[in-house]
Every structure is written in structure tokens, then in C-alpha cells.
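Topology and contacts: notes
Each chain, letter by letter, is given below.
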Amino acid sequence: MLVGRAAELDLFRALLRDLVAGRGRSVLVEGEPGIGKSALVTAGFGMARTLGCRVLWATADELVSRFPLRTLLDALSPEERETFDARPAAGDAVLAGVEQFLALIDQLCAKSPVVLVLDDVHWADEASLLVWGRLGRAVDQLPLLLVGAARPMPRRSQVAELRRTLTGQGAMVMRLRELPAQQVDELVDDLVGAPSGPRLRAMARQAGGNPLYVRELVDALVRENRVEREDAGFAELAADVERAPASLGTAIADRLAFLSDPTLHDLRPAVLLGTEFSVADLAAVSGRTVVDVAEGIEEALTAGVLAERGDRFAFRHPLIRQALYAAIPEALRSALHQDAAYALVRTNGAVERIAAQLLAARGDMADWVPQWLAEHATFLTQQAPQIAEQLMGWALERIPPDDRLHDRLESQLAVAAYLQGNGELCERMARKVLARTTDPDQAARMTWALASTLQRSRRFAAARDTLDTTLQDPGISPTWQARLLAMSARLWRSGRRFDDSAADKALAHAELAEDPTAIGYALHEVSLVRLRRRDTAGALRAVRRALEVIGDDPYTLDLRQMLLINQTAFVAVFDDWDETRTSMRAAIALAERTGTPRLCTVHTTAADCLCAMGEWDDAMAATEVAVDYLPEADAWPELWERVYSIRALIAGHRDDITSVEADLARPPVRGSDSILLIRARALPEERAGRPERALAVLRRPWTRIAPRSTSTGGTAGRRSWCGWPWNWGSWTPPWPRWSCSSTRPSRSRRPHKLGGRAVVPWPAGRRPGRGAAGGGVLPPDEASLELGNCLEDAAVLMADEDRTAALATLTTPSTSTCRSEPPGT
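Below, the structure is looked at part by part.

1. Details of the overall build of the protein chain
- What the protein chain contains, in helices and strands, is 39 helices and 14 strands.
- Long-range pairs, those at least 24 residues apart, make up 69% of the contacts in the protein chain with a sequence separation of at least 6.
- Only carbon and sulfur atoms are counted for the fraction: they give 50% of the accessible area of the protein chain, which is about 35,400 Å².

So, in C-alpha cells, the structure goes:
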């Protein structure tokens, strides 16, 4: 029964017709609790299945939905949930789950149109909101209709941001208002089965036009025999009724009074489980069998108290569950939640549901809880870091420091926090364990986590000091010594204080210890030494050997991801696009399967390669995914610059200067200007016909940063990627082009100084990159992926003097041998 929503229903039917025709859309239905959002969506899509659409319905819940993606997973069939692997051996399980769910929706849309409904969006976890935002960008490419229903409260910043994103992408917002008085009267008439009298209508109008409030009020009056049938056929309020029930909560509680005692007995433990629950969980918590609780569930379904949600059951409206929950004395709730958790433990219940019960508990902790937490700490941190932190913090406050579980909980929390990127928690826990432990390998494990965290926050000196202190302990096993030496080599390189011998020393110790993990990390550092020496082929060999050594060891997934990212970048140097695609796909597949924190980096690398291949649409799509996973700007400024510079460069080449300016208008981040960013800033000047200004932008960094020779044969200077020798191929190509376009044509033949090196346009008849030392657009040993543009520019320069040579320059193939610093480092 749906009153007053005819226009909204017509709109939903139109959306379904478009969906069947292959056109997706995103819709947000907003309104206060009880206004009829769920009823409208249910009625609106009643015909979806008859049209051959797959309908997935998920309802977020404040309690259970604190676990990432749990709500969306409950919308799937049991078979689909069983094949859903969101528990990788390492990496970020939440990010892995996001990518797997997106892939699953893509597969379902390939079979039939899909309607995905998320009710109570306001309670959804951040991972679910991320999924919704990603799907919102894909509805114009898939037969997918997204329908989200949300209250205006609570005002969560994440939900507000999602709303802005969706509306900016063209999502339709349907705001449900209260029913006018006439439609409230129609609803009352339908509820009582007869025309309603004036006093009954007047009381119903006190509900403020909220359909749920009206329904609960009228139902309560009918059950209490407060509505009488008059001789004229009207249904009227009894004469002794002067006001509505004392509160809506009381009205909802009264609704359940007619249920049998066994059914009420079954519903009381059900409220502990959240808005939705399974029969198995209800049986476990109530201490009865599934057969025993089945009769009560059937009665509650018939009475409209419960509703089916696939293989689960849900309270027809969260207010029903809230009213029952509020009836439990607050002092009793903590004990009941812990009892419910223990019942689920005894029946091998899902870890996340057990943790949800513990999270709702307060006060004293049952004796079994710390041991259970210690056994599941890593899984909980991977699935829901905030919940894991609260629960283990609760446990650590209640067990004495000398308890054997205390150090175990702290050390597990430190390692898990590192994997999740929670630097503050990792550092705090790791330092506490290091201050007490007498186990050298435990100290090494904590040192690894701590040093890695310090490196992420760019505290390289502190990380090196931590490593050096632990490495002086003679009790460390050869395995951990080799791993820490590999970490030490990485720290010297990350701090821009290169020590080529450190990588070789780490590799020697790793091979002596026969530890694949240490060998893999050491080879990673060796590859970067080779790259700095402009030996890209040697770097690629080291990466490939490292990948072979570590194999599919689940404890080296982060290392494997780094290696795959760098392999992709190294192979692209040689313009081997087939192998580049293969390596790129492997890196993306691993990132999506494991939810690695490097998801941003892998998609940025993909965007870089796709841009070089000329596949700009796919490159832009990759940057959109990368943006979703960008770390804090100060944590990795170069990555921010790469993402938005790629976007700006593509937009600039498409003459979309508005988008260029939007991407470049972002607040500056700490760190140096990258080559891509500086070129992106100069591009609008070139496109506007102002080559002199473009040159000025290009020259500006070199007035501040002049590379100087070092004893190792490289260059050094202030932190700027443009100062590193392997980046010259990416830096120099636009310089002569903009010089040639200036208002003084004679300047096009003159050499220009770029960081102390001469950069001259190609003379007529001379192939690029083949001139004398110090000349040419590219140094003799440094062609680049910009070669196509360089050849075109050279041909333009030579056209006036020798058209034959110009044509040969434009059409003769060549290969590139150098590329910028790999992003996976």
C-alpha cells in the first residue's frame, strides 16, 4: 500500500525501461525516517524481475555495517558470497574487497540488467561508500541502476561527499516530503478499511505526514480497540481517546504486544544481532535450535514485524528493532552482547559478527575475550582497522602488562597497523614491544614494521637509527639480519643519499641466509641502482629475478606489487607494449585481489603507460581510480603531482584548458615539482600561442636547481626529479619546439642551456639523438617515449631546407632506451 507517490512511481518505471534498453542511472532517495523511502523503492521496482533484471538489495545497519562491505555482501546470493575472497594473506583486505565487488557487479551486468539498492546509506561504512561512488561513475557504461535511500541525518562527512560526487556526475536526487493532509486521510482510510471520521483523521495528522508514524499510530489504536465502526460506515476514534500514545517508541512497542510469548522471546535476542540476522545466528544466541525458532519467525513474518532479505531476516523498519533494544536496561546490555558473542564463538560464527557484539559491549570484559582477540587480531585489523583498534585497546586496558597475551596483542596490532598504513598506531605499539621484548627476532620484526612506518612519513634518519640499533644485536637470526639490511639499503635510497654498495651487501647477506623475502627486497634495491646508472636492461633483469625468487609467497605480496609496478615501467622503456600490457594487468590484478595500499601507485603507473600508448580515455579512467586511493598529500607529494599532471597533460593536448586549470589549481603539496607537473603548467601557454611564456615556465626550476656531478657518476642537487639523469629524456623534448615557435625564428637554431647541458634543435639531415656529445634534443644515449613528438618537431625544422630528409626523419622507426624513475619505489 503506497499513497501519495504516483509521480515517483512513474519515474521509477521510466528508469527501468531505460535500464532494460541498456542505459544505467544513479538515483538518491532522501527523506526523514519513516517517510516511505524503502516502501517507495520496493513498489517502484516490483516489476524489475519480470523485466529480466537482477535485483540486489542491501540495508546498512549502524552495528553490523561497521565492518567494511558486509552490508553489500549480504545482498549477494550464498553461492556468490562463498566465492567472494575478501581475506587475502597480506595487503589491505578492505581494498581487495572493494575491487572484487566492483568486478562482480561488472560480471553480473554482462549477464542481465542489474538494480542495486542500498537502503539506509547514512549508516554505510566507508568501503561501501567508496564502492557506491565508483559504481556511480560507471552507470553510463553499464546496464546498472543504482538506487540509494538515505536520511538527512546523521550528517556524516563521508556521506555528504558521496552525495556531492554523485550529483556532480548527474545522479538524480528524489527528496520525499511529508504527505499532505488529504493523502494522510487516504492512508488512514486504507489502514482501517473504511472512510475515517474527523477525530481519527485529526489524530493521524499529528504524525506530521510521516507514513510510518501514521501506520504505527493507527495500528496501535486498532489493536487496542480504540477505533469503532459507526452506523454510517465510518471508522472513528473512540470517545474516551483524547491523545495519541505517549511516544512513537511506545507505539512501536505496542505493535508487538499481540505476538505470542515464544515469538517475543525469540525477538529479544534478535535485536542484539542488529537490523538483519540469520536464523543460525538467532538460534545460537537464543540457545535454541533452528527448528525451535522457526515458528516464532514465521509468526513475526505474518504479522509484518519481520521481512525476508534473501537468506536473512530483517526488522520491517529499524525503529521496531530500536524500540525493542531500548526496552533492555542499559546495565544489562553489555553482558547480553558478550553472551551473544560467546554463543557465536561456540558455533563458529563469523569473526566480524562476533566482534560486532563485543564492540557493542561495555564495562567488564569476559575472561575468554583477550585470547579470542589475540587469535583473530590480524584478520580484524585487515577487515576493520578502527574496530580492531577499539577492541584490542579495550582488552589491553583490562589485562595486566605481565599477562602473556599483552605483548602478543601489541605486536600483532603493530604489524597489522603497518599493513593498513596506520602509522601512529604502528609506531606506538612497536616502540612499546621493543622496549620490553628480550626476543631478538621479535625485536627485528617490530623494527621492520617501525622502520617501514618511519620511512612512509619521510623520517629517514630516525628509521636508519632504529635499524642500526637492532642490527647491532648479535642474537638476530641470519634471516632477519638479511631483511633488515635490505630495508637499510632502501632507506638510504629513499633519503636520496645513494649508497650503491648497500644494495650489493644486502643481496650477499640475503643469499647467504637463503631467505627468498630478503633476496627479493635486496634485488629490488639492486634494480634501482642499475636504473640510476642508466642501465635499464640490468634493472629489468634484477626485477625479473626477484619475482622468480619470491614466487607466490603470501607474505611478500607488497614486495611483489612493487616489483610488478617497476617491471611495467621498465618494459615500457623499450616500447614493448605487449609485454607492458601483460605486466600492467598482472600488477592491477594483484592489487585488486589483495587490496594493497599500492592501488593508487599501480593505477598511476597504468595511466602513465596508457598515456604513452596514446590510449587517453583508458589513461584518464586509470587516474580516476588512482584518485580514490591517493594518500595524504604530504605523505607522497610526487604521487599527487603525477596523477594530476597526467590528467592535465591529456586535457591540454585535447585543448581542454578548463580541465587543465582545474587539475593544476589544486593546493600545492610539500615536495619538489615533477617534470610532468611543470610541463602541464607550461602547456596552456603553448596552446594559447605564447611559447616564450611556456619556455619561462620550463626554465623556472632550473634557476633554483642545478645538478652537479658526483663521484658516482650521477647528479645531485636539491630534491627535484628533474635533477636526476634518467629523466632528461622526459624533460628536454618540448624545449626546442617552444623555442622554434617563438617570435624570433633565428633562435630555433641556437643551443639552449638546460641545467648546465646544451640542448640544441636537430640540424637539417641529422637524426635526433645522434649528434655530437652535448647536442641534440636528447643526449646520445637517452632517447625517450617522447620520441614521436621529437621526430615530428625535427621534421618541421628540416622541412624548409630538405623535405626528403624531413620525411625520412618523420617516418623512420626508432626505439627508446630511457625512462623516468619508476613509480613503485
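The rest of the description comes next.
2. Here we look at unusual backbone geometry
- In this structure, Glu514 takes a positive phi of about 55 degrees despite not being glycine.
- In this structure, Glu514 sits in the loop between helix H25 (500-513) and helix H26 (516-532).
- Residue classification places Glu514 among the exposed positions, given a relative accessible area of 67%.
- The phi dihedral of Arg534 falls on the positive side, at around 65 degrees, and the residue is not glycine.
- The partly exposed category is assigned to Arg534, whose relative accessible area is 37%.

3. A word on the pattern of salt bridges
- All chains considered together, the criterion is met by 33 salt bridges.
- The partner of Arg13 in a salt bridge is Asp10, with the nearest N and O atoms 3.2 Å apart. Of this pair, Arg13 and Asp10 both sit in helix H1 (residues 6-20), three residues apart, which is roughly one turn of the helix.
- For Arg13, a relative accessible area of 33% corresponds to the partly exposed category.
- Note that Arg483 is salt-bridged to Asp515, the shortest N-O span being 2.7 Å. Within this pair, whereas Arg483 is found in helix H24 (residues 478-494), its partner Asp515 is found in the loop between H25 and H26, the two being separated by 32 residues in sequence.
- Through salt bridges with shared partners, a single network forms among Arg70, Asp74, Glu276, Asp281, Arg312, Glu352 and Arg353.

4. Quick notes on the packing of aromatic side chains
- Following the criterion strictly, the structure yields five aromatic pairs and no others.
- The interplanar angle of 50 degrees and the centroid separation of 4.8 Å between the aromatic rings of Phe12 and Phe45 together place this pair among those described as tilted. Note that Phe12 is positioned in helix H1 and Phe45 in the loop between helix H2 (37-44) and strand E2 (54-59), a separation of 33 residues in sequence.
- With 6.5 Å between their ring centres and 70 degrees between their planes, Trp448 and Trp480 make a pair best called edge-to-face. Here the residue Trp448 occupies a position in helix H22 (residues 440-456), and Trp480 occupies one in helix H24, the gap between them amounting to 32 residues.

The rules behind the values
- By convention here, each chain's residues receive numbers from 1 onward along its written sequence.
- Predicted model: local features are reported for residues with pLDDT of at least 70 only, side-chain atom pairs are reported and counted for 80 or more only, and whole-chain, interface and lining totals are derived from all residues.
- Hydrogens are left out, water is left out, and the side-chain values use all remaining heavy atoms of the structure.
- Numbering goes from the N terminus for both helices and strands, where a helix is a DSSP run of H or I of at least four residues and a strand is a run of E of at least two.
- The contact rule is simple, with two residues in contact once any of their heavy atoms fall within 4.5 Å.
- Using the Shrake-Rupley algorithm and a 1.4 Å probe, accessible areas are obtained, with residue cover drawn only from the displayed protein chains.
- Think of it in three bands: residues with accessible area under 20% of the maximum for their type are buried, residues over 50% are exposed, and the middle band is partly exposed, with areas taken using a 1.4 Å probe on protein chains only.
- Just to be clear on terms, a salt bridge is a Lys or Arg side-chain nitrogen sitting within 4 Å of an Asp or Glu carboxyl oxygen.
- Here a pair means two rings of Phe, Tyr or Trp (six-membered ring of Trp) with centres within 6.5 Å. Their orientation is stacked below 30 degrees between planes, edge-to-face above 60, and tilted elsewhere.

By themselves, these figures tell us nothing about what the structure is for.
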